[in-house]
Amino acid sequence: MQDRSFVCSSCGRQHAGVPLSFAADYPDPYANLSLDDRDARSIAGSDQCIIDQREFYIRGCLELPILGADDVFLWGIWARVKEEVFDEIDDHWESQGKENSIGPYKGRLANALSIYPNTMNQRLEIQIRPVGSRPLFILEELDNPLSVEQRNGITRKQAEEYACLLLRLAKG
């Protein structure tokens, strides 16, 4: 078994392992609502969210390949989609073989990822995966640093540094 401990170049501490996935619990427009507005204007679950019956969101995964490894650095994030796309995905949520019969779809990234510039509202393609797996998000912007890393991959050291930075940000 390979030792996954590392010394973070940001904080200088040794960490026992590196988490390779980070997630947004909700799309930013929902997260930014007051609790009263959430109750009055929205419906949110673990994979779907609707605000004012006119903003529709689905949760998916954006994967960054880790060079020289079978692992990926995974962002659990949300995409805004058109109502008809939301409805079709919802109608087939538990359908076996859906990955071969529906999609791909277009959407817009609905989360600002703190370690990248300008991620909110980035165009993306939504690829449907088998039952039990969230959709895969593929960014369409060619020059955004996040999309470059999605296409080209990141090193293990970058993944470790991202994890350390994100963990520090989460602690506030």
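Further up the page is the structure itself.
Just so you know, these numbers come straight off a predicted model, no measurement behind them.

1. Overview of the overall build of the protein
Secondary structure assignment for the protein yields six helices and ten strands. By residue count, 41% of the 172 residues in the protein fall in the buried class. Within the protein, contacts between residues at least 6 apart in sequence are counted, and of these 55% link residues at least 24 apart. Here the protein has roughly 9600 Å² of accessible surface; of this, 46% comes from carbon and sulfur atoms.

2. Structural notes on a negative patch on the surface
Together, Glu 83, Glu 84, Asp 87, Glu 88, Asp 90 and Asp 91 line one region of the surface with negative charge. Asp 87 sits in the partly exposed class, given a relative accessible area of 34%.

3. Some points on the packing of aromatic side chains
Taken as a whole and assessed by the stated rule, the structure comprises seven aromatic pairs. For the pair Phe 22 and Phe 73, a centre-to-centre distance of 5.7 Å together with 25 degrees between the ring planes defines the contact as stacked. Pair noted here: Phe 22 is in strand E3 (residues 21–23) and Phe 73 is in strand E7 (residues 72–81), with a separation of 51 residues, a long-range link. Each member of the pair Phe 22 and Phe 73 is classed as buried.

4. Focus: the nonpolar core
Grouped together as the largest cluster of nonpolar side chains are 34 residues, with contacts concentrated most on Leu 64, Phe 73, Trp 75, Ile 126 and Leu 146. Only strand E6 (55–65), E7, helix H3 (83–91), strand E8 (105–109), strand E9 (123–127), strand E10 (136–139) and helix H6 (156–171) provide two or more residues apiece to this core. When residues in this core are grouped by element, the largest group, five residues, is from E7. Setting aside chain neighbours within four positions, we find Trp 75 in contact with Phe 22, Gly 60, Cys 61, Leu 62, Leu 64, Leu 113, Ile 115, Tyr 116, Leu 146 and Leu 166. In terms of nonpolar packing, the next biggest core, distinct from the first, is built from eight residues, Ala 24, Tyr 30, Trp 78 and Ala 110 among them.

5. Examining helix H5 (residues 145–152)
Within H5, the full set of buried residues consists of Leu 146, Ser 147, Glu 149 and Gln 150. Projection of H5 onto a plane perpendicular to its axis shows the buried side chains occupying an angular sector of 160 degrees, all on one side. Capping of H5 at its N-terminal end is provided by Asn 144; its side-chain oxygen lies 2.8 Å from the backbone amide nitrogen of Leu 146. Immediately downstream of H5, the backbone of Gly 153 shows phi near 90 degrees, a positive value.

6. Topic: unusual backbone geometry
Omega for the peptide link from Gly 103 to Pro 104 comes to -5 degrees, which places this bond in the cis form. Unusually for a residue other than glycine, Asp 52 sits at a positive phi of about 55 degrees. For Asn 118, which is not glycine, the phi dihedral falls at a positive 50 degrees. Here Asn 118 shows up in the loop between E8 and E9. Take Asn 118: its relative accessible area is 63%, and that puts it in the exposed class.

7. Examining the pairing of E9
Burial along E9 is one-sided: Leu 124 and Ile 126 are buried, while Arg 123, Glu 125 and Gln 127, pointing the other way, are not. Where E8 meets E9, four bridges bridge the pair, whose relative direction is antiparallel. Paired with Lys 106 across the strands is Glu 125, a residue of E9. Where E9 and E10 come together, four bridges link them in antiparallel fashion. The partner of Gln 127 across the bridge, within E10, is Leu 136.

8. Quick word on H3
Along H3, the residues classified as buried are Val 85, Phe 86 and Ile 89. Each buried residue of H3 lies within a common arc of 100 degrees when the element is viewed along its axis, so the set occupies one face. Exposed residues on H3 whose side chains face more than 90 degrees from its buried face are Glu 84 and Asp 91. Taken together, the buried residues of H3 touch strand E5 (48–51), E6, E7 and E8.

Rules of the game
Residues numbered from 1 in each chain as written. Predicted model: local features only at pLDDT ≥ 70, side-chain atom pairs only at ≥ 80, totals over all residues. Heavy atoms only, no water. Helix = DSSP H or I, 4+ residues; strand = E, 2+ residues; numbered from the N terminus. Buried < 20%, exposed > 50% of the residue type's maximum accessible area, 1.4 Å probe, protein only. Contact = heavy atoms within 4.5 Å. Areas by Shrake-Rupley, 256 points an atom, 1.4 Å probe, with all protein chains shown as cover. Patch = residues over 30% accessible without salt bridge, like charges linked within 9 Å, V, L, I, M, F, W, Y side chains within 5 Å. Salt bridge = Lys/Arg side-chain N within 4 Å of Asp/Glu carboxyl O. Lys, Arg positive; Asp, Glu negative; His and termini not counted. Charge placed at Lys NZ, Arg CZ, Asp CG, Glu CD. Phe/Tyr/Trp six-rings, centres within 6.5 Å; stacked < 30°, edge-to-face > 60°. Core = buried A, V, L, I, M, F, W, Y, C linked by side-chain atoms within 4.5 Å. Arc of directions from axis to C-beta. Polar contact = N/O pair within 3.5 Å; in protein donor to acceptor, adjacent residues only side chain to side chain. Pairing = 2+ DSSP bridges.

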